[in-house]
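Listed here are the chains, written in short residue letters.
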Amino acid sequence: MPKVYNWQIGREMEFPYEGVRPKRQFAMVMDTNKCIACQTCTVACKTTWTPGRGQEYMFWNNVETKPYGGYPLGWDVRILEKLGVRDMTGPVYEGKTIFEAAPDGEIALGYIPEDEDWAFPNVGEDECTGSMEQGALYTMPHMQWMFYLPRICNHCTYASCLGSCPRQSIYKRPEDGIVLLDQHRCRGYRECVKGCPFKKTHFNPITRVSEKCIGCYPAIENGRQTQCTITCIGKIRLQGFISKPDEAREDNPLDYLIFVSKVAKPLYPQFGLEGNVYYIPPIHVPPRYLTQMFGYGVEEAMETYRRATEDKKLLGALLLFGSTPEIIERYEVQNDTAIGYNKDGGELVRVPIREPIHVRAAYDEQYETHRTNIT
Amino acid sequence: MNKSFHRRAWAGFAVLLVLMPGCPSERPDPAVEREREGIEAVRIEGTGAILDPGAGFWNEAPAFSVQLQPQVVVDPRLPEAAVGELEARAVHNGEWIGMRLRWADETRDDVLRTADFGDQVAVQFPIDPHGPLPSAMMGHEGAPVNVVQWRAPFQRDLDEGAPDIFDLYPYALVDIYPDEVLGVIDARAYTGALGVDNPISRPYESPVLDQIAEGWGSLTVKPIQLADGRGVWNDGEWTVVITRPLFPITPNDPDLRPGTATNAAFAVWEGGSGETGARKSWALWVPLRVAE
Ligand code: SF4
Ligand code: SF4
């Protein structure tokens, strides 16, 4: 197998194809601290792309409650079990990726979930790690925890779905790095379903071929962020483009979050796919769990996030989440305002770093009435 | 990227050629001799496609035992193939050739769900019986092969109707489908592979796909489908007939006219064991004589 460089694991690794990075790379940052599991993103995706026959159990976007939830059931536990628990405790990952751990005759380490595993997309919803003792609620920190993990296809730089397909029906677009599955070429072998450790390719039993998230490419081509991003109630998402690791730009909000402040982390970097969806880890969850899930540097990321008010550039980037449906290619913070620009330099949005506070008298003289705090 | 892929494939091909049954050996072995003789397609009465797996005329054709090996040349592969042997008989009526293939399979796998694969069998012919023999592994560049593949799920579609979601998942919940509220043109965007006329998705009148290949990963369904067939599963055994015209009609049809000495190769997939695509058992070229 050829060798490619995966910056997330800090070393070269094996991959079935030569590593050619696309001209631009679709990416997303999700702030898990803000997700409320309302599933608006799931429904927005579903109604946009997968309401058809054979897509009944298919959710290109899903939101699961960690640690117990998972769609398909136990996807993370099962692949970790196969790979062995190999946490990433330093910038260079010493263990094996799923390509390097592939058994004889396989391209990647993987498995096909059972049909039942896809049948309960929100299993484990709101379940925390254990029960709370009487009164424990009133003391901090809470010993039990849970958090919401929204997931889409990671449009991986080294996509295992792509590498696993013997017909080369899956391709990565050079113009934006979106990974697409050719609906005309696929023959439904399901090698991609087996090979994707995130289980983000799905089999359509009516058309009898596989399907996957298309990164809302018609929107991206028109400078618009994905459906799951622009509908997000919690404004937890920012979608745009990530630069190549050695070409990070401080004025690209995604680069700032991922490469400069290092507050956003990849999902299971140890799998070796260099996914392009990044997560700001939930700061109330034990770092040990998060290190397994988001790799090296989680504790630093949590600390940086806690102190975000001290870094105006970081705060500015965070405030641009959910502020505009357009893709923000560049941003700056000027006079306590974060300003986002499109690729032609046109201004898209201005967000104040601190929302102005208006203090009003409790009694409204004009209407001769008492105000409540929502009037 | 293609290059390294093909290099891998060819390296394996060279190894297999050495191991291939039928290669000259020092002492004549009766089994090898039988293999050399190959399959004879005997002449029968009749016209048109040969479709009946239970017809009496199959007894006129000698049974040939095809020994199958697991595909181990390219990844992905299975260490052990579920089906090791296939009985092949061939007949022709001057217009069509029919091959009847019979193999033991405890499970009838003809429903496709995420983790359920279908049983399949395929016969492969060189397009040009007089040219250099194409690679038995789906041909090679410049030496195409015709792959006629019978699929159990297609057979079930024809026998019992194509399934809807409630046949596959009885407890599925559905509000409304786009095609119930939108016109055909607008609803097409929601039909996935069907909407782009993927040959695997669209309905056929035949359970057999008529295809061409010129090497690994190049299998393509032909624009005009001439092959036909019929399969029945009974008591742990599939009996499948695959039939096609003897004379080339459309570009890249194999030439199998009476009197031709050519070859046939075979592949079987046992869906219940997760066999699909490259995960299959196969037999390399077996001589095939089409009687005058
Ligand atoms: S819409 Fe946003 S807040 Fe709601 S579940 Fe999705 S990611 Fe979370
Ligand atoms: S997340 Fe899975 S489906 Fe998406 S690009 Fe990566 S390997 Fe492919």
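So, here is what we can say about the structure in this document. Sequence order as written defines residue numbering, which begins from 1 separately in each chain. Chain A is the first chain written and ligand 1 is the first ligand written, with later ones labelled in order. Only residues with pLDDT of at least 70 are given local features in this predicted model, and only at 80 or more are side-chain atom pairs given and counted; all residues enter the totals for whole chains, interfaces and linings. The basis for every side-chain value is the complete set of non-hydrogen atoms in the structure, without hydrogens or water.

1. Re the overall build of chain B
Phase 1 of the analysis: Each helix and strand in chain B was counted, giving seven helices and 13 strands.
Phase 2 of the analysis: Relative accessible area decides the class of each residue, using a 1.4 Å probe on protein chains only: under 20% of the type maximum gives buried, over 50% gives exposed, and in between gives partly exposed. Here chain B, with 292 residues, has 52% of them falling under the buried criterion.
Phase 3 of the analysis: All accessible-area figures derive from a Shrake-Rupley calculation using a 1.4 Å probe, and residue coverage is judged against the displayed protein chains alone. By element, 53% of the accessible surface of chain B is carried by carbon and sulfur atoms, the whole surface being about 13600 Å². Working definition: helices are DSSP H or I runs of at least four residues, strands are E runs of at least two. Numbering for both runs from the N terminus.

2. Remarks on the overall build of chain A
Phase 1 of the analysis: The secondary structure content of chain A amounts to 10 helices and 17 strands.
Phase 2 of the analysis: Both definitions apply: the radius of gyration is a C-alpha atom measure, and the globule rule equals 2.2 Å times residues to the power 0.38. Taking 375 residues into account, the globule formula puts the C-alpha radius of gyration at 21 Å, and chain A, at 21 Å, falls close to it.
Phase 3 of the analysis: Split into buried and exposed, the 375 residues of chain A put 57% on the buried side.
Phase 4 of the analysis: Look at the contacts in chain A between residues 6 or more apart in sequence, and 63% of them connect residues 24 or more apart.
Phase 5 of the analysis: Accessible area of chain A: about 16200 Å², with a carbon and sulfur share of 52%.
Phase 6 of the analysis: Just so you know, the count uses Lys and Arg for positive and Asp and Glu for negative, and it drops His and the chain ends. A single reference atom marks each charge: NZ on Lys, CZ on Arg, CG on Asp, CD on Glu. A gap of 4 Å separates the mean positions of the 43 positive and 48 negative side-chain charges of chain A. Pairs of residues are marked as contacts when any of their non-hydrogen atoms sit within 4.5 Å.

3. Concerning the site of ligand 2
Phase 1 of the analysis: Residues are counted as near a molecule or strand when any one of their heavy atoms sits within 4 Å of it. Around ligand 2, the structure places 14 residues, and the nearest of them are C153, N154, C156, C161 and C196 of chain A.
Phase 2 of the analysis: For the shell around ligand 2, the residue count by class is eight nonpolar, four polar and two charged. All residues other than Ala, Val, Leu, Ile, Met, Phe, Trp, Tyr, Cys, Pro, Asp, Glu, Lys and Arg, Gly among them, are scored as polar; the first ten of these are nonpolar and the last four charged.

4. Considerations on the sheet that holds strand β12 (residues 277-280) of chain A
All names here are of chain A.
Phase 1 of the analysis: By this definition, two strands are paired if DSSP reports at least two bridges between them. Strand order in the open sheet formed by four strands is β10-β3-β12-β11, with mixed pairing between adjacent strands. Edge positions in the open sheet fall to β10 (237-242) and β11 (265-266), since each of these has one partner strand only.
Phase 2 of the analysis: The pairing of strand β3 (residues 25-31) with β10 spans six bridges and is classified as antiparallel. Considered in β10, the bridge of V29 is made with L238.
Phase 3 of the analysis: Here helix α7 (residues 253-260) sits on the sheet and contacts β3, β10 and β12; the angle it forms with β10, its principal contact strand, is near 85 degrees. A fitted line through C-alpha atoms serves as each axis, taken over the contacting stretch for helices, and the angle formed by two N-to-C directions is quoted from 0 to 180°.

5. Description of the sheet that holds strand β13 (residues 330-334) of chain A
All names here are of chain A.
Phase 1 of the analysis: Read across the open sheet, the three strands follow the order β13-β14-β15; overall the sheet is antiparallel. A single partner strand is all that each edge strand has here, and the edge strands are β13 and β15 (347-352). Here the strands of the sheet are splayed against their neighbours by 20 degrees on average, with no regard to which way each runs.
Phase 2 of the analysis: When β13 meets strand β14 (residues 337-341), the two strands line up antiparallel, connected through five bridges. Opposite R330, over in β14, you have Y341 as the bridge partner.
Phase 3 of the analysis: On the sheet, helix α10 (residues 312-319) packs against β13, β14 and β15 and is oriented at approximately 125 degrees with respect to β13.

6. Some points on the site of ligand 1
Phase 1 of the analysis: Close to ligand 1 lie 14 residues, the nearest being C35, C38, Q39, C41 and C232 of chain A.
Phase 2 of the analysis: Grouping the amino acids of the shell around ligand 1 by side-chain chemistry returns 10 nonpolar, three polar and one charged.

7. Details of the pairing of strand β10 (residues 228-233) of chain B
All names here are of chain B.
Phase 1 of the analysis: Pairing of β10 with strand β11 (residues 237-245) involves six bridges; the strand directions are antiparallel. Among the inter-strand pairings, R230 is bridged to a residue of β11, identified as V241.
Phase 2 of the analysis: Counting the residues that bridge the hairpin from β10 to β11 gives three residues, and of these D235 lies at a positive phi of roughly 50 degrees.

8. Considerations on the pairing of strand β6 (residues 120-126) of chain B
Residue and element names in this part refer to chain B.
Phase 1 of the analysis: In terms of residue burial, β6 counts as a mostly covered element, since seven of its seven residues are buried.
Phase 2 of the analysis: Of the two faces of β6, the one lined by Q120, A122, Q124 and P126 and the one lined by V121, V123 and F125 are each fully buried.
Phase 3 of the analysis: Bridging between β6 and strand β7 (residues 145-151) involves seven bridges; their strand directions are antiparallel. Residue V123 lies in a different strand from β7, and its bridge partner there is V148.
Phase 4 of the analysis: As judged from the five bridges shared by β6 and strand β12 (residues 261-269), these two strands associate in the antiparallel manner.

9. Overview of the pattern of salt bridges
Phase 1 of the analysis: Just to be clear on terms, a salt bridge is a Lys or Arg side-chain nitrogen sitting within 4 Å of an Asp or Glu carboxyl oxygen. Throughout the structure, instances matching the rule amount to 40 salt bridges over all chains.
Phase 2 of the analysis: The salt bridge involving E106 of chain A is made with K194 of chain A; its shortest N-O contact spans 3.6 Å. On the criterion of sequence distance, the pair formed by E106 of chain A in the loop between α2 (75-83) and β5 (147-151) and K194 of chain A in helix α4 (residues 191-195) is long-range, its members being 88 residues apart.
Phase 3 of the analysis: Residue classification places E106 of chain A among the buried positions, given a relative accessible area of 15%.
Phase 4 of the analysis: Of the charged contacts, one joins D75 of chain B and R77 of chain B as a salt bridge, the two residues approaching to 2.8 Å between their closest N and O atoms.
Phase 5 of the analysis: Salt bridges linked by common partners bring E64, K66, D76 and R151 of chain A together as one network.

10. Comments concerning the packing of aromatic side chains
Residue and element names in this part refer to chain A.
Phase 1 of the analysis: The rule is short: rings of Phe, Tyr and Trp, with Trp giving its six-membered ring, pair when the centres are within 6.5 Å, and they are stacked under 30 degrees, edge-to-face over 60, tilted in between. Enumeration according to the criterion identifies 21 aromatic pairs over all chains in this entry.
Phase 2 of the analysis: Arranged with centres 5.6 Å apart and planes meeting at 35 degrees, the rings of Y279 and F294 form a pair that is tilted. One end of the pair, Y279, is in strand β12; the other, F294, is in helix α8 (residues 287-294), and 15 residues separate them in sequence. In this pair, the class of Y279 matches that of F294, namely buried.
Phase 3 of the analysis: Connected via pairs of aromatic rings, a cluster forms that spans F15, Y17, F99 and Y158.
Phase 4 of the analysis: A ring is scored as having a charge over it whenever the NZ atom of a lysine or the CZ atom of an arginine sits within 6 Å of its centre and within 35 degrees of its normal. Positioned over the ring face of W75 is R151, at 3.8 Å from the centre of the ring.

11. Re the packing of α7 of chain A against α10 of chain A
Residue and element names in this part refer to chain A.
Phase 1 of the analysis: Two elements in contact, α7 and α10, have axes separated by 9 Å at closest approach and are oriented at 125 degrees. It follows that α7 is oblique to α10 by the angle criterion. Two packed elements cross with a definite hand, and for α7 against α10 that hand is left-handed. Across the interface between the two elements, P253, Y256 and L257 of α7 pack against K313, L314, A317 and L318 of α10. Angles are sorted into four bins: roughly parallel if under 35 degrees, roughly antiparallel if over 145, roughly perpendicular if 65 to 115, and oblique for all others. Working rule for handedness: look at the near helix, and if it is turned counterclockwise from the far one by less than a right angle, call the crossing left-handed; if clockwise, right-handed.

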